[in-house]
Amino acid sequence: MGILFKDVSYAYKGVKDDRFEAINGINLKIKDGEFVAIIGKTGSGKSTLVQHMNALLQPSKGTVEIYGNILPKKRKQKIGPIRKHVGLVFQFPEYQLFEYTVLKDIMFGPKNFGLKEEEAEKKAREAAKLVGLGDEILERSPFRISGGQMRRTAIAGILAMEPHVLVLDEPTRGLDPQGAKEVMELFNKIHEEYNKTIVLVSHDMNIVSKYAKRIIVLKDGKIVFDGNREELFLSSNFKDFSLEKPLALELMEYLSETLNIPFKPLFNEEDIISYLKELDL
Ligand SMILES: Nc1ncnc2c1ncn2[C@@H]1O[C@H](COP(=O)(O)OP(=O)(O)O)[C@@H](O)[C@H]1O
Ligand SMILES: [Mg+2]
């Protein structure tokens, strides 16, 4: 089970050149439990690609299969059951908030999928706890809480629907470094402890390499690389795609040279510190 793209292309309708394909000939398989990053320049098709994963867009050509369901070509057909598998967190998810209280906002999704009030509330409270929103926040208006809390509310709303997959389209955009770290740690926890599949769109190589083991690079709507992070950043591959080398890896290279210690492909500062301690220099 998982997500499968076969020769998928998408052309936006109603634009000047409606034959222009924002994504073109995409073949892709994402299995349960993976943490995948999708990177590429602005306009390379990342958002268009991931919006197919929860049926927000339906392919112009090819097929998309979500947990055994083929996306219908026609808009009218029911896509609710497909959408339940994959939760999409947009850029600036706080813009999706609209209810009177934080709790009601988080309950909206599960209720929409047919859960009764009490059951939806139970799921909402669990999700709120998971993202670290205290009980005192739940009765407040979602417009009278901090930016970080708004983002957590939006994320809880998606988690409350219990999707298998979380698709995150630039989830750290507009956050300060501390806020960005907190949200990423939250997603990582959701991945590790609750075994959710994560598809992360980001242009921050440090974030991408720290959390995602598999990286897909898009260029002009096509996949130009799909492999593990070591393959991408330890070869000259990343230069061909004009990507920056992750800082942690650069630090590791520098340390191995100056301290004359064996190089290890580490993408996380904490791992480097543990490694240095282990060596007992
Ligand atoms: N709603 C839209 N209508 C028309 N063209 C769009 C729309 N959204 C994106 N595009 C075009 O599709 C291409 C891919 O965009 P997008 O998927 O947003 O890329 P990315 O997320 O990598 O920045 C770009 O050329 C963009 O201008
Ligand atoms: Mg985008």
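Look up a bit, the structure's there.
Owing to the predicted nature of the structure, the values given are computational and were not obtained by experimental measurement.

Draft legend 1. Up close: the overall build of the protein. Summing up its helical and strand segments, the protein has 12 helices and 10 strands in all. Since a compact globule built from 281 residues should have a radius of gyration of about 19 Å, the 20 Å found for the protein is in line with a globular shape. Along the first, second and third principal axes, the C-alpha atoms of the protein reach 60 × 50 × 35 Å. Within the protein, counting contacts between residues at least 6 apart in sequence, those at least 24 apart form 60% of the total.

Draft legend 2. Layout of the site of ligand 1. Taken together, Tyr12, Val15, Phe20, Ala22, Lys41, Thr42, Gly43, Ser44, Gly45, Lys46, Ser47 and Thr48 form the complete shell of residues around ligand 1. Between Gly43 and ligand 1, the recorded distance is 2.7 Å, taken from a backbone N or O atom to an oxygen atom. Between ligand 1 and Gly45, the relevant distance is 3.1 Å, taken from an oxygen atom to a main-chain nitrogen or oxygen of the residue. Residue contributions to the shell around ligand 1 peak at 3 residues, all from helix α1 (residues 46–51). In terms of residue class, the shell around ligand 1 is made up of 4 nonpolar, 6 polar and 2 charged.

Draft legend 3. Inspection of the layout of surface pockets at higher detail. Estimated volume of the largest pocket: approximately 540 Å³. Breaking the lining of the largest pocket down by element, the ones donating at least two residues are α2 (80–83), β6 (86–89), α3 (102–112) and α6 (147–159). Among the residues forming the lining of the largest pocket, the class breakdown is 13 nonpolar, 8 polar and 3 charged.

Draft legend 4. Quick peek at the sheet that holds strand β4 (residues 61–66). Pairing within the open sheet is antiparallel, and its 4 strands lie in the order β2-β1-β4-β5. Edge positions in the open sheet fall to β2 (21–31) and β5 (69–70), since each of these has one partner strand only. As paired elements, strand β1 (residues 2–11) and β2 share 7 bridges and run antiparallel to each other. In the strand pairing of β2, Tyr10 is matched with Ile23.

Draft legend 5. Seen up close, helix α4 (residues 117–130). With 14 residues, α4 should reach 20 Å at 1.5 Å per residue; the first-to-last C-alpha distance of 20 Å fits that figure. For α4, the set of buried residues is Ala120, Lys123, Ala124, Ala127, Ala128 and Leu130. Relative to the axis of α4, the buried residues are bounded by an arc of 155° and lie together on one face. Within α4, the exposed residues directed more than 90 degrees away from the buried face are Glu118 and Lys129. Structurally, α4 contributes buried residues whose contacts are with α3, α5 (135–138), α6 and α7 (177–194). Trailing α4 by a residue or two, Gly132 shows a phi angle of about 80°, which is positive.

Draft legend 6. Expanded view of the sheet that holds strand β7 (residues 165–169). The mixed open sheet is built from 6 strands, whose spatial order is β6-β7-β8-β3-β9-β10. The sheet terminates laterally at β6 and β10 (222–228), the two strands that pair on one side only. Put simply, the sheet's adjacent strands are angled 15° from each other on average, direction ignored. In terms of strand pairing, strand β3 (residues 35–39) meets strand β8 (residues 197–201) through 4 bridges, oriented parallel. Within the sheet, the bridge partner assigned to Ile38 lies in β8 and is Val201. Along the sheet, α6 makes contact with β6 and β7, crossing β6 at roughly 170°.

Parameters at a glance
- Residue positions within a chain follow its written sequence, with the count starting from 1.
- Written order decides the labels, with chains lettered from A and ligands numbered from 1.
- Residues qualify for local features only when their pLDDT is at least 70, as the model is predicted, and side-chain atom pairs are given and counted only at 80 or more; totals for whole chains, interfaces and linings, by contrast, use all residues.
- In computing side-chain properties, one takes all heavy atoms of the structure into account and sets aside hydrogens as well as water.
- Only DSSP runs of H or I reaching four residues or more are called helices, and only runs of E reaching two or more are called strands; each is numbered from the N terminus.
- Each radius of gyration is computed over the set of C-alpha atoms, and the globule rule expresses the reference value as 2.2 Å times the number of residues to the power 0.38.
- Any pair of residues with heavy atoms lying within 4.5 Å of one another is described as a contacting pair.
- A molecule or strand has a residue near it when one of that residue's heavy atoms lies within 4 Å.
- For this analysis, a polar contact is any N or O atom pair within 3.5 Å, provided that within protein one partner can donate a hydrogen and the other can accept it, and provided that sequence-adjacent residues contribute only side-chain to side-chain pairs.
- Note on residue classes: Ala, Val, Leu, Ile, Met, Phe, Trp, Tyr, Cys and Pro are nonpolar, Asp, Glu, Lys and Arg are charged, and everything else, Gly too, is polar.
- Lining residues are defined by having an atom within 4 Å of a point belonging to a cavity or pocket. Those points lie on a 1 Å grid over the protein atoms alone, cavities being sets where a 1.4 Å probe fits but cannot get out and pockets being open sets with protein on both sides within 12 Å along at least five of seven lines.
- Grid points are joined across faces, edges and corners, and a volume is the space filled by probe spheres set on the points.
- Strands are labelled as partners when DSSP assigns at least two bridges between them.
- The span expected for a helix works out to 1.5 Å for each residue beyond the first.
- Here's how the labels work: a residue is buried when its accessible area is under 20% of the maximum for its type, exposed when over 50%, partly exposed in between, all with a 1.4 Å probe on protein chains only.
- Directions are taken from the helix axis to each C-beta atom, and the arc is the one they span.
- Helix axes use the C-alpha atoms of the stretch in contact, all axes being lines fitted to C-alpha atoms, and the angles between their N-to-C directions lie in the range 0 to 180 degrees.

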